[in-house]
Amino acid sequence: MQTISENKCYGGIQGVYSHRSDACACDMTFGLFLPKEAADEPVPVLWYLSGLTCTHENAMVKAGAQAWAADHGIALVFPDTSPRGEGVANDEAYDLGQGAGFYVNATEAPWTTHFRMWDYLAEELPDLVTATFAVDEDRQAITGHSMGGHGALTLAMRLPGRFRSVSAFAPIANPTQSDWGRKQFTAYLGADESTWAAHDATLLMRRLGFDGPVLIDQGSKDQFLDLLKPEALAQAMMERRQNGLVRMQPGYDHSYFFVSTFMADHMAFHAEALFQD
C-alpha cells in the first residue's frame, strides 16, 4: 500500500492511499478519515459508497462528512466506484465502465477481468483497512449516494451481521426495473435476469430485510427520480415492517448540496447504532 497524501483534518487525518487489488486486478485508490481517537484505540467505521462518474475524491471533498465524523469519533472510508487504468475495459457512456462499477462481480466480457467490485468491497478492502488502520471491524456501518446507495443497501442486506446500520442518499432503489440497472446488469451480468435480483435493494428488502435500522433520504426535485424508484423500496420496507425511515426532502435535487445538507443526520443515525453496547 502506498500513501498518496495525508492531511490534518478536524483534529484527525484525512488520507488517500493506493494498493494493488487482487479482486480488480489493478491498482485501486481509497480515502480514509481517521478521527483523533484512532491514535489511542480502534474506532468505529462508516463506509461511504459514491455514485456514477465519481472517484474516492467526490464525497471526501464535497460531502462535509469529516466534521461530523470527528464529533462522533468515527472513521470514514471512501472507496473508488470502479477499477481504472490502462487495460481496464471502458465505455463511451458515463453510466457504464470506469466510474460505473455498480458494485457487482461482472460475469460477461469484456468486464470480467477487472470489474469485481462486490468482492473488493465485501472482502478485500475491509480486510486491508482493518489490518492496517485503527478501525474496529466489529463496529461498522455503511452509506452511499445514488449508485453508491444501491451498493450500500445490497451489501448491508447480503452480509448479515457485518453492518450495524445502513443509510442512503437518493439510492438506485429498484435497478431491475430501471434504465439505471437494466443496462448495466445486462452488460456486467448477462441477459438472464434471475442473476440480477441479488443486486436489487427492493427485491432484497422483500426477501431478506436488514437486521438493523435503515435511513433513506430522497430529494423531491431530484432530476433522476424516475430512474431511482424510491417508492418501490419504501413499499417493500412497509410490507416487511422494516425498522427504518424513508424521507422525501422537499425541493432538493441529486447533487452534493443535497447530500451535505443531510449528512449530519446520517452521521448521528450511524453513531447511535455504532456506539450501542
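Description of the structure in this document. (Residues numbered from 1 in each chain as written. Predicted model: local features only at pLDDT ≥ 70, side-chain atom pairs only at ≥ 80, totals over all residues. Heavy atoms only, no water.)

1. A few points about the overall build of the protein chain
When you go through the protein chain residue by residue, the secondary structure sums to nine helices and nine strands. What you see for the protein chain is a C-alpha radius of gyration of 17 Å, in line with the 19 Å of a compact globule of 277 residues. Summarising its shape, the C-alpha atoms of the protein chain cover approximately 50 × 45 × 35 Å along the three principal directions. For the protein chain, the residues scored as buried account for 59% of the 277 residues in total. Of all intrachain contacts in the protein chain linking residues separated by at least 6 positions in sequence, the fraction that spans at least 24 positions is 73%. (Helix = DSSP H or I, 4+ residues; strand = E, 2+ residues; numbered from the N terminus. Rg over C-alpha atoms; globule rule 2.2 N^0.38 Å. Buried < 20%, exposed > 50% of the residue type's maximum accessible area, 1.4 Å probe, protein only. Contact = heavy atoms within 4.5 Å.)

2. Topic: the packing of aromatic side chains
Tallied over the full model, the rule gives 13 aromatic pairs. The interplanar angle of 85 degrees and the centroid separation of 6.2 Å between the aromatic rings of Phe169 and Phe258 together place this pair among those described as edge-to-face. Residue Phe169 is found in strand S7 (residues 166–169), and its partner Phe258 is found in helix H9 (residues 256–274); the two are separated by 89 residues along the sequence. Both residues of the pair, Phe169 and Phe258, belong to the buried class. Three or more aromatic residues joined by ring pairs form one cluster here, namely Phe169, Tyr252, Phe258 and Phe262. Here the basic side chain of Arg158 rests over the ring of Trp118, its NZ or CZ set 4.0 Å away from the ring centre. (Phe/Tyr/Trp six-rings, centres within 6.5 Å; stacked < 30°, edge-to-face > 60°. Lys NZ or Arg CZ within 6 Å of the ring centre and 35° of its normal.)

3. Some thoughts on the pattern of salt bridges
Evaluation of the coordinates by the stated rule reveals eight salt bridges. When the shortest N-O distance is used, the salt bridge between Asp27 and Arg20 registers 3.7 Å. Arg20 shares its class with Asp27; the two are exposed. Here Arg139 ties to Asp136 by a salt bridge, and the two come within 2.8 Å at their closest N and O atoms. Here Arg139 matches Asp136 in class, with each residue buried. Look at the salt bridges and you will find they share partners, linking Asp217, Arg247 and Asp265 into a network. (Salt bridge = Lys/Arg side-chain N within 4 Å of Asp/Glu carboxyl O.)

4. Quick look at helix H3 (residues 117–132)
Along its length, H3 shows its largest kink, about 35 degrees, at Glu124, and proline Pro126 lies within four residues downstream of that point. For H3, every residue scored as buried is listed here: Met117, Trp118, Asp119, Tyr120, Leu121, Ala122, Glu124, Leu125, Pro126 and Val129. Residues of H3 that are buried sit in contact with strand S2 (12–21), strand S3 (26–34), strand S4 (43–49), strand S5 (75–79), strand S6 (135–144) and helix H4 (147–158). (Bend = angle between axes of the 7 residues up to and from the residue.)

5. Here's the deal with the side chain of Glu124
Mapped onto the fold, Glu124 is located in helix H3. It turns out Glu124 is buried and unbridged, and the closest side chain with the opposite charge, Arg20, is 8.3 Å from it. Of the polar contacts made by the side chain of Glu124, one reaches the side chain of Ser21; its length is 2.6 Å. Those residues in contact with Glu124, other than ones at most four positions away along the chain, are His19, Arg20, Ser21, Asp22, Ala23, Cys24 and Asp119. (Lys, Arg positive; Asp, Glu negative; His and termini not counted. Polar contact = N/O pair within 3.5 Å; in protein donor to acceptor, adjacent residues only side chain to side chain.)

6. Observations regarding unusual backbone geometry
In this chain, Ala109 is followed by Pro110 through a cis amide linkage whose omega measures 0 degrees. When you line up the elements, Pro110 lands in the loop between S5 and H3. Here Tyr10, not a glycine, exhibits a phi torsion of approximately 50 degrees, which is positive. Tracing the backbone through its elements, the reader meets Tyr10 in the loop between strand S1 (2–9) and S2. Residue classification places Tyr10 among the exposed positions, given a relative accessible area of 55%. For Ala25, which is not a glycine, the phi torsion comes out positive at approximately 55 degrees. Here Ala25 shows up in the loop between S2 and S3.

7. Concerning the pairing of S4
Counting buried residues along S4, seven of its seven residues qualify, which places the element largely inside the surrounding structure. Where S4 lies against S6, six bridges are found, and the strand directions are parallel. If you follow Leu46 over to S6, its bridge partner there is Ala141. The sheet contact formed by S4 and S5 spans three bridges and is parallel. Bridged to Trp47 within S5 is Val77. (Pairing = 2+ DSSP bridges.)

8. Quick word on the side chain of Ser82
Its place among the elements puts Ser82 in the loop between S5 and H3. Ignoring sequence-local partners within four residues, the contact set of Ser82 consists of Met28, Gly97, Gln98, Gly99, Ala100, Gly101, Phe115 and Met117.

Keep in mind these values describe shape, not function.
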